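# Summary of the model geometry
Single-letter residue listing:
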Amino acid sequence: MPSPVKYALAGDIGGTNMRAALVDREGSFLARAVCATQPESGLNDAANRLTALFEEVVSRVPRDDVGGVVLSSAGPIDPETGMYDHPPNLPGWDGMTMKPGLTAALKLPVAIGHDATLGALAESRFGVGKGAQHLVYVTLSTGVGGGIIANGEMVTGAHGHAGEIGHLLVRPGGQSCNVGCDGCLEGIASGGGIARAAQAALAAGRASAMLEMAGGDAGAVTAQTVFEAAAEGDAAATEIVDVVIDAVAVGFANILNTLDPEYLVVGGAVTGSLQPYWDDLRARIEDKALPHFAGRVPLYVSPLGDDVSLVGAAALAFDIADATAV
Ligand SMILES: [Zn+2]
C-alpha cells in the first residue's frame, strides 16, 4: 500500500560531482545541492560532505514527510552493502561503503543503486517510456553504461552487476576499454574511446584536420573534435564516426534481440553528437536486428538528461517506502 510519505531524498555520486535532491512523488525537485566529489580526499570525507548536502535540501520540510534516501553511484558497487569494487572513477574507495555512516548520520533508511540501472527506472516512471514494463537505458558518455527494466522490475543480477552494456563485444579484436575487453561498446563508442581512436590515427601518421583543430596537440583531440571534423568532411574523422555508428548498431541490435524492450532509451553527450546520424543509426540497427524489428526499432533519446539517475533514485526510495508501509 502507498505510504504517507510525500518526499524522498535522492543522491548521486559521480567521479566529478556529488548531488543531493529533495524530490516529490511526481519526480519534481523541490531543492537540490551539489559539491565536488574529490575522491582523493577519501570516502569518509566525501560521506560527510554528502550528508551536509542532504541536510541542506531536507531542511525545508518536516522530517516525518520524508520516506528515505536512495544513493545512485557510479560502480562497480554492491547495491546491498554499498561496497565499492575497484571503482575506476573513485580511486581509493575499493572495499569501502558509505551506507552505515549515512544511515546513522541522516537517521533515515539508506539504499544504494547503480546509476544506470536507476536511470532505466527513471525512464520507465517519468521519462519517454513512462509506464513501460520492458525498457533498456544506455548512456553513451565518457564511458558507456546501461540499465535494464524487465517485467517492471530493475534487473540487478546475482552480484549487482547486470546491465554492463558498455562491455558488450561489438567489434572483436577492436580497440579496448579501460577494463581491457577488446572491441567492446565502451572501447569503441564512449567519449574516451572515440578520442583514443583519433589519437591513434594521428599517431599512425594519418593526415587530418583534427590535429590543427586541437592546436597541434594530438593528445588534446576529444570526441567533440572528431564529430566536428566529421561534420566538415574530414576523411579520418568520418571513418571513426562510421565505426562508432556501426558498433552502436551492433550493440543495440543485440539488446533488442535479447530483451525485446518496448523502449531503448539513450542519453549522454555522445548521443547528442550522434543526432545528425540518427536515421543512419536506426537503419543499421534494423539491418542487424531480427526481422520482427523491421519498421519498429524502439529507439528514443532520453528526455531526463543529467537528472536521470537522481529521478530514478527518488523513484526507488518511494518504492521502498511503499513496500514497507503498514
Ligand atoms: Zn569493456
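One can find the structure itself at the top, above this paragraph.
Described below are features of the structure shown in this document. (Residues numbered from 1 in each chain as written. Predicted model: local features only at pLDDT ≥ 70, side-chain atom pairs only at ≥ 80, totals over all residues. Heavy atoms only, no water.)

A word on the nonpolar core. Generally speaking, soluble globular proteins have nonpolar side chains that are buried together. By size, the foremost hydrophobic cluster in this structure holds 45 residues, and its most contacted members are Val 138, Leu 140, Val 226, Phe 252 and Leu 299. Those elements that place two or more of their residues in this core are strand E6 (135-140), strand E7 (144-150), helix H4 (185-189), helix H5 (191-203), helix H7 (223-231), helix H8 (235-259), strand E9 (263-267) and helix H10 (278-288). Per-element tally for this core: the top contributor is H8, with 13 residues. Those residues in contact with Val 226, other than ones at most four positions away along the chain, are Ile 194, Ala 198, Met 210, Val 221, Ala 237, Ile 240 and Val 241. Within the second largest apolar cluster, 31 residues are counted, among which are Val 58, Val 66, Ile 77 and Leu 90. (Core = buried A, V, L, I, M, F, W, Y, C linked by side-chain atoms within 4.5 Å. Buried < 20%, exposed > 50% of the residue type's maximum accessible area, 1.4 Å probe, protein only. Helix = DSSP H or I, 4+ residues; strand = E, 2+ residues; numbered from the N terminus. Contact = heavy atoms within 4.5 Å.)

Before going further, it helps to spend a moment on the packing of aromatic side chains. All chains considered together, the criterion is met by three aromatic pairs. With 5.6 Å between their ring centres and 70 degrees between their planes, Tyr 84 and Trp 93 make a pair best called edge-to-face. Comparing Tyr 84 with Trp 93 shows no difference in burial state: the two are buried. Measuring from centroid to centroid gives 5.0 Å for Tyr 263 and Tyr 300, while their planes differ by 45 degrees, and the two rings are tilted. Note that Tyr 263 is positioned in strand E9 and Tyr 300 in strand E10 (residues 299-301), a separation of 37 residues in sequence. (Phe/Tyr/Trp six-rings, centres within 6.5 Å; stacked < 30°, edge-to-face > 60°.)

Bringing the pattern of salt bridges into the picture now. Evaluation of the coordinates by the stated rule reveals twelve salt bridges. A salt bridge links Arg 19 to Asp 12; the nearest nitrogen and oxygen atoms lie 3.3 Å apart. Among the residues examined, Arg 19 registers a relative accessible area of 16% and is labelled buried. One salt bridge connects Asp 246 with Lys 288, and the closest N-O pair in it is separated by 3.4 Å. (Salt bridge = Lys/Arg side-chain N within 4 Å of Asp/Glu carboxyl O.)

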